[in-house]
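Coordinates in review
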Amino acid sequence: MINASKKLPGPFLIDLKNKFREIAGEDQLIDRSEFQDGLDIVNREISDRLFDIFDKDKNGEVDFNEFIQGVSQFSVRSDKSSKLRFVFKIYDIDNDGYISNGELFQLLKMMVGSNLEDTALQQIVDKTILFADKDEDGKINFEEFCEVVGNTDVHKKMVVDV
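The model shown is predicted, which means the values in this text are computed figures rather than measured ones. (Residues numbered from 1 in each chain as written. Predicted model: local features only at pLDDT ≥ 70, side-chain atom pairs only at ≥ 80, totals over all residues. Heavy atoms only, no water.)

Right, let's talk about the packing of aromatic side chains for a bit. A full pass over the atoms with the stated rule returns eight aromatic pairs. Between Phe20 and Phe64 the ring centres are 5.4 Å apart and the planes differ by 70°, which places this aromatic pair in the edge-to-face class. Of this pair, Phe20 sits in helix 1 (residues 10-24) while Phe64 sits in helix 4 (residues 64-72), and the two are 44 residues apart along the sequence. A single burial state applies to Phe20 and to Phe64, both of which are buried. Sitting over the face of the ring of Phe142, Arg85 holds its NZ or CZ atom 3.5 Å from the ring centroid. One cation-aromatic arrangement involves Lys134 over Phe131; the distance from NZ or CZ to the ring centre is 4.9 Å. (Phe/Tyr/Trp six-rings, centres within 6.5 Å; stacked < 30°, edge-to-face > 60°. Helix = DSSP H or I, 4+ residues; strand = E, 2+ residues; numbered from the N terminus. Buried < 20%, exposed > 50% of the residue type's maximum accessible area, 1.4 Å probe, protein only. Lys NZ or Arg CZ within 6 Å of the ring centre and 35° of its normal.)

Printed below as a string of structure tokens:
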């Protein structure tokens with residue numbers, strides 16, 4: 001299972017194994033706190049969101065295979081679609097395949113904190129949903145997400161140069 005997609009070259013995989021061991025400690029499992037501290041993620045809520053995506057089996061810990069699968073999304077060998085799918089998962093908090101108004105608000109609130117009034121943020125969210133929601137079901141699916149975000153270079157910024 002490790003590196004099954006060949007997205008990570010051998011030397012980088014060794015570096016990741018060493019980083020994993022450093023973060024995980026003796027039990028060789030990464031909990032939420034170790035994840036945030038070990039990856040130097042300042043925002044606790046964003047860290048928790050990323051942790052939830054890495055923790056595929058939802059047992060509250062990230063093992064080495066989950067760590068590699070998560071990090072591989074940032075490889076230069078990972079395609080644009082995979083990177084966009086990863087970003088989409090960040091917003092799709094309940095994992096139902098859609099970004100709802102509430103999920104978009106919650107994620108943007110994590111990012112802006114108290115720098116923007118909730119009413120102003122909600123207006124931005126409402127306008128974003130109206131703009132992106134082509135099938136008018138009140139939420140954004142992956143295809144709609146890609147239509148909006150796919151024309152940006154966000155996937156190019158999601159790269160660990162290996």
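Structure's up, so let's keep going.
Let us now look at the pattern of salt bridges. Applying the stated criterion across every chain, the model contains five salt bridges. The partner of Glu22 in a salt bridge is Lys19, and the shortest N-O contact between them spans 3.5 Å. In this pair, Glu22 and Lys19 both sit in helix 1, three residues apart, roughly one turn of the helix. One salt bridge in this structure joins Asp48 and Arg32, with 3.6 Å as the shortest N-O distance. Note that Asp48 is positioned in helix 3 (residues 44-54) and Arg32 in helix 2 (residues 32-38), a separation of 16 residues in sequence. Accessibility expressed as a relative area gives 23% for Asp48, which makes it partly exposed. Given a relative accessible area of 33%, Arg32 falls into the partly exposed group. Bridged by salt links that share partners, the residues Arg32, Asp48, Arg49 and Asp52 form one connected network. (Salt bridge = Lys/Arg side-chain N within 4 Å of Asp/Glu carboxyl O.)

Packing of helix 6 (residues 101-112) against helix 7 (residues 118-132) leaves a shortest axis separation of 10 Å and a crossing angle of 130°. As the angle between them shows, helix 6 and helix 7 are arranged oblique. As for the relative orientation of helix 6 and helix 7, their crossing is right-handed in sense. For the pair helix 6 and helix 7, contact is made by Asn101, Leu104, Phe105, Leu108, Lys109 and Val112 and by Asp118, Leu121, Gln122, Val125, Asp126, Thr128 and Ile129, respectively. Taken together, the residues of the contact of helix 6 with helix 7 break down into seven nonpolar, three polar and three charged. (Axes fitted to C-alpha atoms, helices over the stretch in contact; angles between N-to-C directions. Parallel < 35°, antiparallel > 145°, perpendicular 65-115°, else oblique. Left-handed = near helix turned anticlockwise from the far one by under 90°. Contact = heavy atoms within 4.5 Å. Nonpolar A, V, L, I, M, F, W, Y, C, P; charged D, E, K, R; others polar.)

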